[in-house]
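Observations on chain architecture
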Amino acid sequence: MDKIGLYGSANRPHLWMKFYNNIRSTNSSEFEIMFVGNVAPGFDLPNNMKYIFSEVKPAQCYYIAATRVDGDYIFNITDDVLYSEGALDKLLYIFKKNEHKELVIGPRYMK
């Protein structure tokens, strides 16, 4: 099964489990989440959620996370949003349909 690597800058760890549960409960795709930054979570993370401490700027955090996340396809995220039902499954479908490993897909954010 293909795996999606989700990566972002660590800003709001108090929202991470809400984000994680939203992704896990509405998608069948396998995924790993990687956050990098200087705001550490004060709780244990699930096995497919990782955190790396770093005091660099957010853009550099994204780079570190992108190079260390595990996934056949990678997708940048923020830690303060929730996705519509099946969003990862739909992203994986688009990635695979396009048949290009270089493809960059970004979601539309709406209220």
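Further up the page is the structure itself.
Attention in this report is confined to the structure presented alongside it. (Residues numbered from 1 in each chain as written. Predicted model: local features only at pLDDT ≥ 70, side-chain atom pairs only at ≥ 80, totals over all residues. Heavy atoms only, no water.)

1. Some points on the overall build of the protein
Formally: Helix and strand assignments follow DSSP, with helices taken as H or I runs no shorter than four residues and strands as E runs no shorter than two, numbered in order from the N terminus. For each residue, the accessible area found with a 1.4 Å probe, counting protein chains only, is set against the maximum for its type, and the residue is called buried under 20%, exposed over 50%, and partly exposed in between. By definition in these notes, contact holds between two residues if any of their heavy atoms fall within 4.5 Å. Reported accessibility uses the Shrake-Rupley method at a 1.4 Å probe radius. Residues are deemed covered only where the shown protein chains occlude them.
Helix and strand counts for the protein stand at three helices and four strands. Ordered by position in the sequence, the α and β elements of the protein form the string β-α-β-β-α-β-α. A burial count over the protein gives 41% of its 111 residues as buried. Restricting to contacts in the protein with at least 6 residues of sequence separation, those with at least 24 account for 70%. Entry remark: accessible area of the protein is about 6,900 Å², with carbon and sulfur atoms responsible for 51%.

2. As for helix α3 (residues 87–98)
Rules: Expected span of a helix: the number of residues minus one, times 1.5 Å.
In this model α3 runs 17 Å from its N-terminal to its C-terminal C-alpha over 12 residues, within 8% of the 16 Å that 1.5 Å per residue would give. The secondary structure elements touched by the buried residues of α3 are β1 (3–9), α1 (16–26), β2 (30–37) and β4 (73–76). Following α3 by one or two positions, E99 adopts a phi angle in the positive range, close to 60°.

3. Here we look at the side chain of N27
To be explicit about the condition: Two N or O atoms count as a polar contact when they lie within 3.5 Å, although within protein this holds only if one can serve as hydrogen donor and the other as acceptor, and sequence-adjacent residues are included solely when both atoms are side-chain atoms.
Following the sequence through the fold, N27 ends up in the loop between α1 and β2. We classify N27 as buried; its relative accessible area is 13%. A distance of 3.2 Å separates a polar atom in the side chain of N27 from a polar atom in the side chain of T26. Within the structure, N27 has its side chain in polar contact with the backbone nitrogen of D89 (distance 3.2 Å). Apart from residues lying up to four places away in sequence, N27 is in contact with N22, G86, A87, L88 and D89.

4. Structural notes on the packing of aromatic side chains
Note the threshold: Working definition: rings of Phe, Tyr and Trp (its six-membered ring) pair if their centres are within 6.5 Å, and the pair is stacked with planes under 30 degrees apart, edge-to-face with planes over 60 apart, and tilted otherwise.
One pass over the structure, following the stated rule, counts eight aromatic pairs. Pairing W16 with F35 gives two aromatic rings, centres 4.3 Å apart and planes at 15°, and the pair type is stacked. With W16 in helix α1 and F35 in strand β2, this pair connects stretches of sequence that are 19 residues apart. For the pair W16 and F35, a shared accessibility class is recorded, and that class is buried.

Any functional reading would require information beyond the geometric quantities listed.
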